[in-house]
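One-letter residues, chain by chain:
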Amino acid sequence: MDSVDDYLAAILAAIRPLMPRELSLDDADGGVLAEDIAAQWPLPPFDNSAMDGYAVRASDIAAATADAPVTLPVTGEVAAGDTREHQLVPGSCLRIMTGAPLPGGADAVVPVELTDGGTARVAISQAVAAGASVRRAGGDAAAGDALLAAGSRLGPAPLGLLAAAGRASVLARPRPRVAVFSTGNELAAPGTPITRGRIWESNSFMLASAARQAGADAYRQPSVPDAADQVLAVIEDAAGRADLLVTSGGVSMGGEHDVVKAALQTLGTVRFRKVAMQPGMPQGFGVIGAASTPILTLPGNPVSAFVSFQLFARPALRALQGTTDGHQRTARAVLTAPLRSPPEKRSFLRGVLADDGTEITPLSGQASHQLAALARANALIVVPEQVISMQAGDVAEVICLDD
Ligand code: AMP
Ligand code: MG
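None of these values were measured; they are calculated from a predicted model.

(A) Representation of the packing of aromatic side chains within the structure. Taken as a whole, this structure holds 1 aromatic pair when the rule is applied. Centroid distance Tyr 7 to Phe 312: 4.8 Å. Interplanar angle 80 degrees. Geometry classified as edge-to-face. Of this pair, Tyr 7 sits in helix H1 (residues 4–14) while Phe 312 sits in helix H7 (residues 302–320), and the two are 305 residues apart along the sequence. Like Phe 312, Tyr 7 is buried. Over the face of the ring belonging to Tyr 54 we find Arg 95, whose NZ or CZ atom lies 5.2 Å from the ring centre. Above the face of the Phe 205 ring, Arg 220 is positioned so that its terminal group lies 3.8 Å from the ring centre.

(B) Local environment of the sheet that holds strand S21 (residues 293–298). Here 6 strands make up an open sheet; going across it, the order is S16-S13-S17-S21-S20-S18 and the pairing mixed. Because the sheet does not close on itself, it has two edges, and the strands there are strand S16 (217–220) and strand S18 (270–274). Adjacent strand axes in the sheet meet at a mean angle of 20 degrees, parallel and antiparallel pairs treated alike. Taken together, the 4 bridges between strand S17 (residues 244–248) and S21 define a ladder with parallel strand orientation. Each residue of the ladder has a partner; that of Leu 245, found in S21, is Ile 295.

(C) Up close: the side chain of Thr 293. Within the secondary structure, Thr 293 sits in strand S21. Residue classification places Thr 293 among the buried residues on the basis of a relative accessible area of 3%. Of note is the side chain of Thr 293, whose polar atom sits 2.9 Å from the backbone oxygen of Ala 239. Once residues within four sequence positions are removed from consideration, Thr 293 is found in contact with Ala 239, Ala 242, Asp 243, Leu 244, Leu 245, Gly 286, Val 287 and Ile 288.

(D) Spatial organisation of the site of ligand 1. Not every one of the 15 residues close to ligand 1 is listed here, only the nearest: Ser 182, Glu 186, Glu 201, Ser 202 and Gly 250. Residue Glu 201 places a side-chain N or O atom 2.9 Å away from a nitrogen atom belonging to ligand 1. Asn 203 places a polar main-chain atom, nitrogen or oxygen, 3.3 Å from a nitrogen atom of ligand 1. When ligand 1 is considered free in solution it has 480 Å² of accessible area, and contact with the protein chains removes 77% of it.

(E) Structural view of helix H5 (residues 228–239). Taking 1.5 Å per residue as the helical rise, H5 with its 12 residues ought to reach 16 Å, and the 16 Å between its terminal C-alpha atoms agrees with that figure. Looking at the buried side of H5, the elements it contacts are strand S13 (177–182), S17, helix H6 (259–265), strand S20 (282–288) and S21.

(F) Representation of the side chain of Ser 204. Relative to the helices and strands, Ser 204 resides in helix H4 (residues 203–213). Among the residues examined, Ser 204 registers a relative accessible area of 0% and is labelled buried. Looking at Ser 204, its side chain comes within polar contact range of the side chain of Arg 220, at 3.0 Å. In this structure, Ser 204 is in contact with Val 180, Ser 182 and Arg 220, ignoring residues within four places of it in sequence.

Procedures and definitions
- Residues numbered from 1 in each chain as written.
- Chains lettered and ligands numbered in written order.
- Predicted model: local features only at pLDDT ≥ 70, side-chain atom pairs only at ≥ 80, totals over all residues.
- Heavy atoms only, no water.
- Phe/Tyr/Trp six-rings, centres within 6.5 Å; stacked < 30°, edge-to-face > 60°.
- Helix = DSSP H or I, 4+ residues; strand = E, 2+ residues; numbered from the N terminus.
- Buried < 20%, exposed > 50% of the residue type's maximum accessible area, 1.4 Å probe, protein only.
- Lys NZ or Arg CZ within 6 Å of the ring centre and 35° of its normal.
- Pairing = 2+ DSSP bridges.
- Axes fitted to C-alpha atoms, helices over the stretch in contact; angles between N-to-C directions.
- Polar contact = N/O pair within 3.5 Å; in protein donor to acceptor, adjacent residues only side chain to side chain.
- Contact = heavy atoms within 4.5 Å.
- Near = heavy atom within 4 Å.
- Areas by Shrake-Rupley, 256 points an atom, 1.4 Å probe, with all protein chains shown as cover.
- Expected span 1.5 Å × (residues − 1).

Pasting the structure below:
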């Protein structure tokens, strides 16, 4: 039997990162930057107002107080997007809006709240310092400043920064494309009628969602019956359109019923093994097709498939993007109840981590088909190989499932 760590290491060693591509910002969302980004222009590009108010020379209103306001003539108005050259005449002011270029000769903005809001003349009831409410050119980043480093994950704020810096596209490793499908004669699509002996197929929905949660683009395919030739055809077809294949079912020890194993074993590029974990012992990993697309063949029991995805597919997705970030948060929490775990296997029990993160409660229903308990869980309790029982009050390591 392989250890969890050895098996994961073998998977990661075999994965080659996706080639970086020039991607529009929309397509780059969730990708990983493959170039260093420097500001080509100052950010902001020009001095501008941080407030709606009046552009002034601070020295003109130095004496202004609530009791003795200073009144200035208002000689014009500058709104955001105004491209004209405005010049402040000393002893006067201009109405100015947030984001509008600061007129020449002005050195401060008086917020409208400190005035009577006048249009022809304005009474200003408080002095402000030179530079007040002015956003200086380059005050966010100067031209040439480093903005983002290669390897950065592109999410909301980095994409906003790239757009603000004028970039329409960047060199990045894209979100991986994951094809997900299940095998089993017993499986029927939810929403269709079932007869005795059949069940509604759930793994593909669960695994596609897990792949999306991990930042991939997931494509779910209908389940495939237990026929090795059909399974192989679907796998080979999907391999051409995905960066990672994830199957579930058909890899345990049941001989000719384990069709994924039967279909792939002959190719010699996918290895099947037992991993010292519970749930999820039977696993397979290798590459397939002309592009050597990596494939993870997960066991069919829903909880086994889920745990296997978190442990192996998630890091594989990161490796495809050339990164090791994005691991689920782990924590240490106090058990509220005892638990048992098999010898020689690392087990992953479903639990509920308290909101404050201090206590973890193992759920009842720990068998690998018990999806109802999995759906209530927000954490996996990790019990090391050599531990066979833990008591209430013991501290356990947990993997958080909410990100
Ligand atoms: P297998 O690994 O194919 O032997 O399947 C193990 C168990 O998981 C069996 O009880 C299957 O019915 C069940 N199973 C396999 N695939 C799915 C699936 N996609 N959705 C729900 N249950 C499944
Ligand atoms: Mg099966």
